[in-house]
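Understanding the architecture of this molecule
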Amino acid sequence: MSRANATKHLDRLEQLTAILKSEEALTSKIIAAELNISERTLFRDIGILRERGLPIEANKGRGGGIKLHRNWGVGRLSLESQEMIDLLISLAIAESMGPTLFMGNINTVRHKLMASFSPKQKEKIHQLRQRIHIGEQVSPDVLQSFTTKKHQTQATIETLHRAFLFNKRIAIVYQDFHDQETQRDIEAHYLYLGFPVWYLLAWDHLRNDVRIFRYDRIKKADILPQEFTVRPLKDFNAILTKQNVSTL
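The notes below deal with the structure included here. (Residues numbered from 1 in each chain as written. Predicted model: local features only at pLDDT ≥ 70, side-chain atom pairs only at ≥ 80, totals over all residues. Heavy atoms only, no water.)

The next thing to look at is helix α8 (residues 154–165). When the terminal C-alpha atoms of α8 are compared, their 17 Å separation across 12 residues agrees well with the 16 Å that a helix rising 1.5 Å per residue should span. Thr156, Thr159, Leu160, His161, Ala163, Phe164 and Leu165 are the residues of α8 that are buried. Asn167 sits one or two residues past α8 and shows a positive phi near 55°. (Helix = DSSP H or I, 4+ residues; strand = E, 2+ residues; numbered from the N terminus. Expected span 1.5 Å × (residues − 1). Buried < 20%, exposed > 50% of the residue type's maximum accessible area, 1.4 Å probe, protein only.)

Structure (structure tokens):
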């Protein structure tokens, strides 16, 4: 088979695969006509796809047709990069909270998601669970300010998640307790939950020291090119003791 014919055949197999994925059962006559090939050629192509592991069913008779097995889609959920990042962080949060009723397959899910990332990225993801910590419920005063504050845009949240996961420095606009805004250059080392408020335990390059930032007070975030190495949690012990995050 010439290279041109081989390319044409591969293209046709991709078209056939797309038809089977997107439609209900179709007769061989309809599929062959759409691909402009004979039914004999169609069944030869179906044989090739079956050898590649695609579970194609062919039912003869009235009401029958050619289709993928009904369970084909299980385990083939397509996720965008940001969706995988959000899901990985959510899984790490669930792990940090301890055993739960509905998370029996958490390790399997995480391994499948990680298959899409590079070796360098996987190394950072492996640290994820150790970087998320669960504390006590916040005070009523904090809860009131949290529920009355305007939440960030989805874009800001996604930027914070990506920077946290991949150890990237971020430039943020932060609104403090007195509603004063400052621009900061930070490294987000740990996530801390004082239910239901999330905090970032970070290195603040403006102050050249560790700081705690309330997640919902970060109004804007932009990822910077610099990466950082995660500091040990003990570096934040002093500020956690000095400032009770449940009252921030």
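Now that the structure is up, let's keep going.
Turning next to the pattern of salt bridges. One pass over the structure, following the stated rule, counts eight salt bridges. Residue Asp204 pairs with Arg184 through a salt bridge whose shortest N-O separation is 2.7 Å. One end of the pair, Asp204, is in strand β6 (residues 197–204); the other, Arg184, is in strand β5 (residues 181–194), with 20 residues separating them in the sequence. Residues Asp204 and Arg184 agree in their burial class; the two are buried. Here the salt bridges do not stand alone but share partners, grouping Arg231, Lys234 and Asp235 into one network. (Salt bridge = Lys/Arg side-chain N within 4 Å of Asp/Glu carboxyl O.)

Among the 14 residues that make up β5, 10 are buried, leaving the element largely enclosed by the rest of the structure. Bridge count for strand β3 (residues 132–134) against β5 is three bridges, and the pairing is parallel. Note on β5: the bridge partner recorded for Ile134 is Leu193. Looking at chain direction, strand β4 (residues 168–175) and β5 are connected through six bridges and run antiparallel. Across the sheet, the residue bridging to Ala171 is Asp185, located in β5. Direction of pairing for β5 relative to β6: antiparallel, over a ladder of eight bridges. Along β6, the bridge assignment pairs Gly194 with Val197. Counting the residues between successive antiparallel strands, the hairpin from β5 to β6 contains two residues. (Pairing = 2+ DSSP bridges.)

Attention shifts here to unusual backbone geometry. Geometrically, the link from Phe195 to Pro196 is a cis peptide bond, its omega value of 0° lying close to zero. Residue position: Pro196 is located in the loop between β5 and β6. Despite not being glycine, Asn36 shows a phi value in the positive range, around 60°. As for its placement among the helices and strands, Asn36 is situated in the loop between α2 (28–35) and α3 (39–51).

Our focus in this paragraph is the packing of aromatic side chains. The full count for this structure, using the stated rule, is two aromatic pairs. Relative to Phe213, the ring of Tyr174 lies with its centre 5.0 Å away and its plane at 85°, an arrangement referred to as edge-to-face. Residue Tyr174 is located in strand β4, and its partner Phe213 is located in strand β7 (residues 209–214); the two are separated by 39 residues in the primary sequence. Take Tyr174: its relative accessible area is 8%, and that puts it in the buried class. (Phe/Tyr/Trp six-rings, centres within 6.5 Å; stacked < 30°, edge-to-face > 60°.)

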